[in-house]
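# Observations on chain architecture
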Amino acid sequence: MREILRNPAGLVGSFLLVIVLSAAVLGPFVAPYDPQQFHAASRLQGPSAAFWLGTDQYGRDLLSRLLNGAPATVLFGLGATALGVGAGSIIGVIAGVAGGRVDSIIMRVLDGLLAMPELLFTLLIVTFLGGGTSQAMLAVAVTFTPGMARISRSAVLSVRTRDYVQAAIARGESRSWIVGREVLPNALGPIIVEATIRVSFAIMIGATLGFLGLGAQPPSTEWGLMVAEARQFMFRNPWCVAVPGVAIAITAMGFNLFGDALRDAFDPRRRRI
Amino acid sequence: MTLAYVLRRLGAIVVVLAIVTVAVFGITVVLPGNAAMMILGENATPESLAAMERQLGLDRPILTQYLDWVTGVLHGDFGMSLRLSLPVSQVVGDAFRNSLSLAVLALVTVTAVAIPLGVIAALRRGTIWDLMIGLFSYVGTAMPEFVTATLLLIIFASPEWPVLPAGGFVPPSEDFAGYLRHAILPAATLGLILMAHISRQVRSEMSEVLSSDFVRAARLKGIRERRVIWRHALPNSLAPAVAVISLDIGYLLGGIIVVEEIFAWPGLGRLLIYALQNRDLPVIQAVTLLLAVVYALSNLVADLVIAWLDPRVQHA
């Protein structure tokens, strides 16, 4: 952790993540207004003492909506990534450990799935599953699976030929012991790094699906959906699209910077001078 | 570049594309509701549905349908659109041209700007320039296309100060200046993320190369700094940048879906969203396959360019 904080990117990333995560945990409790409450007299206003970030087309307080949407937005990213990383790692570890025929069949199928651009793949799955938050989350997870499988496979492969694994084989340890105690813990680094960076993609794709009307549905305060709902009014009050838009960018940037710093901490060779 | 390497890469692509056709066909088969129901509507009687399914060949085994579809695709026949009553190949062809022109415009401009930016950042490492470029690239990667597009619209297309059109399309053959004016905002939106990636990659490769032994040797030999940078350092740091550009084409193809929808640009992305909303299966299949082919081909080109820049990779 100290390594990460010494890196400027890591410092900024950690700072942004602390803000975002505390908004996600505490947001709904500290929000000054009910996120769905209409203030008919003050519609589409800029920031003021009463409404710190302004109001939307119904006079709803943007700060309150933002804080209430934080858990949904962040949980979406974390949940989709966790599912995708979990499924992908299992497939990748199986391929890497099994080797031979199984490995090459799995890899060919993954290559085929990776040949589709990510957002396209997600859109197809969402259409199949139908719109909605949990469907969108599942779609992003499925989209992440082939890429994560490939990364965890190569992590396993790079560990498998190391001396300590060879030593364990020579000692006559069982296969599951070797995989569980020697290979997995040492292959975990690249997987964690990739997962952290992927959270930012997941948040961006989730917001994009919300924006396209295929993810979270009204009256949710998911940030992508907030942008979509306020777009008609963006010229009258830029704040109502800028506030959720910038919030998405800050969240994605936090995970991105933190992931980069994590990568440098895990792999000192890549550390820049 | 050896012929064997090119052939091996081509072989790999054929395998990948075969898997893609299975995936594309498979996804549209499992989509709820089939083509017959799309044509006749929700209230069709079971008898008329069965008749329509027979007419469309949907009552045949899945494998036969798949092989028929692939045979058609190989002959350039993607079937008829269920909604537009036009051959899919015609609908998709027009959209493809429009998307391609937008994507190429974005990619060329971005590469022309991002590579010099990355080089500057690497040469002035640690200065305010480096910091600004780094900051810009981090912000760029963290903005989803729809946020960038919306912010650009607020700045450049507001009713009070309409510098650029907020959306739409003019064919370049009719009015080239008008076409460009309509293309600027979508291309800029697509470009921002790409620019961020590419300039960051060039910077990190370039700074690595600049501190390598052969650059030091070149400097010690007394070669002028400009020549060291242009002839020794830059070519050696470009191969990884090309790899990133080819990966970015994946983002570009995804981004184009959102950007075309926002700016009402009549390309593949907008067509895809229309087809998805209306369950126009033949169009969904054709667009998906086309995007995957473009992606695979661009990866192939990138691999070949990398092998040409750095002959060592052929033997890896």
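What you are looking at is a predicted structure, and each value in this text was computed from that prediction instead of being measured.

The next point concerns the overall build of chain B. A tally of helices and strands in chain B yields 12 helices and two strands. Its helices and strands in sequence order give chain B the pattern α-α-α-α-α-α-α-β-β-α-α-α-α-α, from N to C terminus. Taken along the three principal axes of its C-alpha coordinates, chain B extends 85 × 60 × 35 Å. Counting the 316 residues in chain B, one finds 48% classified as buried. Sequence separation of at least 24 residues holds for 71% of the intrachain contacts in chain B that already meet a minimum separation of 6. Distance between charge centres in chain B, computed from 21 positive and 22 negative side chains, equals 16 Å.

Aromatic rings in a pair are described by how distant their centres are and how their planes are angled relative to each other. Residues and elements named next belong to chain B. Counting across every chain of the model gives eight aromatic pairs over all chains. A centroid spacing of 5.6 Å and a plane angle of 35 degrees characterise the contact between Phe-25 and Trp-69, whose relative ring orientation is tilted. Of this pair, Phe-25 sits in helix 1 (residues 3-30) while Trp-69 sits in helix 4 (residues 62-74), placing them 44 residues apart in sequence. Classification of Phe-25 by relative accessible area gives buried; the value is 8%. Overall, the relative accessible area of 10% leaves Trp-69 in the buried class. An aromatic cluster is built from Phe-169, Phe-176, Tyr-179 and Trp-265, whose rings are joined through pairwise contacts.

Another point: the environment of Arg-226 of chain B. Residue and element names in this part refer to chain B. Tracing the backbone shows Arg-226 in helix 10 (residues 225-263). Owing to a relative accessible area of 63%, Arg-226 belongs among the exposed residues under this scheme. Along the sequence, Arg-226 and Thr-28 sit 198 residues apart, while their C-alpha atoms lie 56 Å from each other.

Residues Leu-83, Phe-128, Leu-129, Leu-138 and Val-142 of chain A together with Val-29, Val-30 and Ile-62 of chain B make up a contiguous nonpolar surface patch of about 610 Å² in total accessible area. Among the elements of the structure, helix 5 (118-129) and helix 6 (133-160) of chain A together with helix 1 of chain B are those that each provide at least two residues to the nonpolar patch. Tracing the sequence through the fold places Ile-62 of chain B in helix 4.

Bringing the pattern of salt bridges into the picture now. Scanning the model with the defined rule gives 10 salt bridges over all chains in all. Here Glu-229 of chain A and Arg-60 of chain A are joined by a salt bridge, their closest N and O atoms 4.0 Å apart. A residue pair is termed long-range when its members are at least 10 positions apart, and Glu-229 of chain A in helix 9 (residues 223-230) and Arg-60 of chain A in the loop between helix 2 (8-30) and helix 3 (62-98) qualify at 169 residues. The exposure class of Glu-229 of chain A is partly exposed, given its relative accessible area of 24%. The class for Arg-60 of chain A is buried, based on a relative accessible area of 7%. Residue Arg-97 of chain B pairs with Asp-94 of chain B through a salt bridge whose shortest N-O separation is 2.7 Å. Of this pair, Arg-97 of chain B and Asp-94 of chain B both sit in helix 5 (residues 88-123), three residues apart, which is roughly one turn of that helix. According to the relative accessible area criterion, Arg-97 of chain B is exposed, its value standing at 54%.

Buried together is how nonpolar side chains tend to be arranged in soluble globular proteins. With 130 residues, the main nonpolar core has Met-116 and Val-140 of chain A together with Phe-146, Met-206, Ile-262, Leu-272 and Val-287 of chain B as its most contacted residues. In terms of residues, this core owes the most to one element, helix 10 of chain B, which gives 15 residues. Not counting residues up to four positions away in its chain, the partners in contact with Met-116 of chain A are Phe-121 and Leu-124 of chain A together with Ala-23, Val-24, Thr-288, Ala-292 and Tyr-295 of chain B. Ranked by size, the runner-up nonpolar core spans 11 residues in total, among them Val-93, Val-97, Ala-168 and Val-183 of chain A.

A few words on the interface of chain A and chain B. With 40 residues of chain A at the contact, the number on the chain B side is 46 residues. Approximately 3700 Å² of surface area, both sides summed, lies buried where chain A meets chain B, with 80% of it carried by carbon and sulfur atoms. The largest per-residue losses of area from chain A upon contact with chain B belong to Leu-124, Thr-127 and Phe-235 of chain A, which jointly make up 16% of the total buried on that side. Applying the counting rule to chain A against chain B returns one salt bridge. Residue Asp-260 of chain A pairs with Arg-200 of chain B through a salt bridge whose shortest N-O separation is 3.2 Å. For the pair chain A and chain B, the number of links is two residue pairs in polar contact (both at pLDDT 80 or more). If you list the elements that add at least two residues to the side of chain A that touches chain B, you get helix 4 (100-114), helix 5, helix 8 (175-211), helix 9 and helix 10 (239-266) of chain A. By residue number, the principal contributor to the side of chain A that touches chain B is helix 10 of chain A, which donates 10 residues. Split into classes, the residues belonging to the side of chain A that touches chain B amount to 29 nonpolar, six polar and five charged.

When you line up the elements, Thr-145 of chain A lands in helix 6. Setting aside chain neighbours within four positions, we find Thr-145 of chain A in contact with Gly-84, Ala-87, Gly-88 and Ile-91 of chain A.

Next up on the list: unusual backbone geometry. At the junction of Pro-218 of chain A and Pro-219 of chain A, the peptide bond is cis and its omega measures out at 5 degrees in the coordinates. Its identity as a non-glycine residue notwithstanding, Ala-264 of chain B has a phi of 50 degrees, on the positive side. One can find Ala-264 of chain B in the loop between helix 10 and helix 11 (268-277). A relative accessible area of 30% places Ala-264 of chain B in the partly exposed class.

Let us look at the side chain of Gln-285 of chain B. All names here are of chain B. When you line up the elements, Gln-285 lands in helix 12 (residues 281-309). Note on Gln-285: relative accessible area 10%, which makes it buried. Beyond its immediate stretch of four places on either side in the chain, Gln-285 contacts Val-24, Phe-25, Thr-28 and Trp-69.

The rules behind these values
- Residues numbered from 1 in each chain as written.
- Chains lettered and ligands numbered in written order.
- Predicted model: local features only at pLDDT ≥ 70, side-chain atom pairs only at ≥ 80, totals over all residues.
- Heavy atoms only, no water.
- Helix = DSSP H or I, 4+ residues; strand = E, 2+ residues; numbered from the N terminus.
- Buried < 20%, exposed > 50% of the residue type's maximum accessible area, 1.4 Å probe, protein only.
- Contact = heavy atoms within 4.5 Å.
- Lys, Arg positive; Asp, Glu negative; His and termini not counted.
- Charge placed at Lys NZ, Arg CZ, Asp CG, Glu CD.
- Phe/Tyr/Trp six-rings, centres within 6.5 Å; stacked < 30°, edge-to-face > 60°.
- Patch = residues over 30% accessible without salt bridge, like charges linked within 9 Å, V, L, I, M, F, W, Y side chains within 5 Å.
- Areas by Shrake-Rupley, 256 points an atom, 1.4 Å probe, with all protein chains shown as cover.
- Salt bridge = Lys/Arg side-chain N within 4 Å of Asp/Glu carboxyl O.
- Core = buried A, V, L, I, M, F, W, Y, C linked by side-chain atoms within 4.5 Å.
- Buried area = accessible area lost by both parts, 1.4 Å probe.
- Polar contact = N/O pair within 3.5 Å; in protein donor to acceptor, adjacent residues only side chain to side chain.
- Nonpolar A, V, L, I, M, F, W, Y, C, P; charged D, E, K, R; others polar.

Don't take any of this as a statement about function, it's just geometry.
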